[in-house]
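Read off the chains here:
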Amino acid sequence: MTEEFRGMATGELQGPVPETTGREHRVLDLLDKAIGTQTPLVRKNIARARQRNPEASPAEVIRNLERMYVSALAGTGAAVGGTAAAPGVGTGVALALSAGEFLSSLELSVLFALSLAEIHAVPIDEIERRRTVVMGIMLGGSGSATISKVAERTGQHWGRQVVAKVPVETLRQINKVLGKNFITKYGTKQGIIVLGKVAPFGIGAVIGGGANAALASLTVRAGRRAFGPAPPSRGQS
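Anyway, here's the lowdown on the structure attached to this text. (Residues numbered from 1 in each chain as written. Predicted model: local features only at pLDDT ≥ 70, side-chain atom pairs only at ≥ 80, totals over all residues. Heavy atoms only, no water.)

1. Considering the side chain of Glu66
Rule in force here: Helix and strand definitions here come from DSSP, where helices need a minimum of 4 consecutive H or I residues and strands a minimum of 2 consecutive E residues; each element is numbered from the N-terminal end. When checking whether two residues touch, look at their non-hydrogen atoms; a contact exists if any pair is within 4.5 Å.
Position of Glu66 relative to the elements: it lies in helix H3 (residues 58-84). In this view, Glu66 contacts Phe112, Val220 and Arg224; residues no more than four positions away in its chain are not counted.

Laid out in structure tokens, this is it:
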């Protein structure tokens, strides 16, 4: 996995995780952990996307971020899938590898989503705003529908219309609903992908890489819907 998309910086989060129990609580803890480790890396990630052209426009930087994200996520899935399916690797080890890769994939998606918000100058200083950005993008169409319904706002590009403008208390209510949907969607999909990665050697790599690439492409499209066209100037990016 590329270094610019992986980072284990430490940081304390503010605000409670939405009230959940058992497995749901653990997964939302992982989400907050990923937000905590990746938030300090946002500007570094954007700088990396601009590395070859320091004068790149916001639209060009966003395209580079998208390419970096899809490539890194697909590469991670293929590598873990191939290793998990290699001869001599037991099912327990294979599942442990895939579980670890889930956290890595989550970190990649968090960093991508928060980087988009930064490019679009959407405030992400508060933890509730970061949670809304990340879950809303990762949930795609269902995420945007939930945000619009709970916030009682309609229109395009919820990232600018909702996350940047509504009170934090409203975002807390949105995030409680998004949290439940997040568990439902990614618990099911990740289970399918994990099983695919334990397939015979070679097949697991194809399934792992292909599945992750497909998920990355959906996330890219969700990001475009969330924020709309790139800003005309560099702004805070």
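Picking up after the structure, the text goes on.
2. Description of the nonpolar core
Put simply, the test is: Definition used in this section: a nonpolar core is a set of buried Ala, Val, Leu, Ile, Met, Phe, Trp, Tyr and Cys residues joined via side-chain atoms within 4.5 Å. The classification of residues rests on relative accessible area computed with a 1.4 Å probe and restricted to protein chains. Under 20% of the type maximum is buried, over 50% is exposed, and intermediate values are partly exposed.
Counting 52 residues, the largest nonpolar core has Leu31, Val133, Ile137 and Phe182 as its most contacted members. In terms of residues, this core owes the most to one element, helix H4 (residues 91-119), which gives 10 residues. Once residues within four sequence positions are removed from consideration, Leu31 is found in contact with Leu106, Val110, Val134, Met135 and Phe182.

3. Section: the packing of aromatic side chains
Threshold: For this analysis, a ring pair means two rings from Phe, Tyr or Trp (six-membered ring only for Trp) whose centres lie within 6.5 Å, classed as stacked if their planes differ by under 30 degrees, edge-to-face if by over 60, and tilted for the remaining angles.
As enumerated under the stated definition, the model contains 2 aromatic pairs in all. Between Trp158 and Phe227, the ring centres sit 6.5 Å apart and the planes meet at 35°, which makes this aromatic pair tilted. With Trp158 in helix H7 (residues 158-163) and Phe227 in helix H9 (residues 203-227), this pair connects stretches of sequence that are 69 residues apart. Classification of Phe227 as buried rests on a relative accessible area of 0%.

4. Some points on the environment of Ala34
Among the structural elements, Ala34 can be located in helix H1 (residues 22-38). We classify Ala34 as buried; its relative accessible area is 0%. Distance from Ala34 to Leu108, taken between C-alpha atoms, is 8.7 Å for residues 74 residues apart in sequence. Apart from the residues lying within four places of it in its own chain, the contact partners of Ala34 are Leu106, Glu107 and Val110.

5. Some thoughts on the environment of Glu60
Looking at the element boundaries, Glu60 is found in helix H3. Placed 11 residues apart in sequence, Glu60 and Ala49 show a C-alpha to C-alpha distance of 8.7 Å.

6. Some points on the pattern of salt bridges
The line we're drawing: One side-chain nitrogen of Lys or Arg within 4 Å of one carboxyl oxygen of Asp or Glu is enough to make a salt bridge.
By the definition in use, this model includes 7 salt bridges. A single salt-bridge network, built from bridges that share partners, covers Asp32, Glu128, Arg131, Glu169 and Arg172.

7. Digging into helix H6 (residues 141-151)
This is how it is decided: Taking the helix axis as origin, the arc is that swept by the directions to the C-beta atoms.
Every buried residue of H6 is listed here: Gly143, Thr146, Ile147 and Ala151. Taken end-on, H6 shows its buried residues confined to a sector of 110°, consistent with a single buried face. Just beyond H6, the residue with positive phi is Glu152, at close to 55°.

8. Concerning helix H5 (residues 127-138)
In an α-helix, one turn spans 3.6 residues; hence positions three or four apart end up facing the same way. Stated precisely, the cut-off is as follows: Multiplying 1.5 Å by the residue count of a helix minus one yields the expected span of that helix.
Between its first and last C-alpha, H5 extends 16 Å over 12 residues, near the 16 Å set by a 1.5 Å rise per residue. Within H5, 12 of the 12 residues are buried, which leaves the element mostly enclosed by the surrounding structure. What H5 keeps buried is the set Ile127, Glu128, Arg129, Arg130, Arg131, Thr132, Val133, Val134, Met135, Gly136, Ile137 and Met138. In the segment just after H5, Gly140 is the residue with positive phi, at about 65°.

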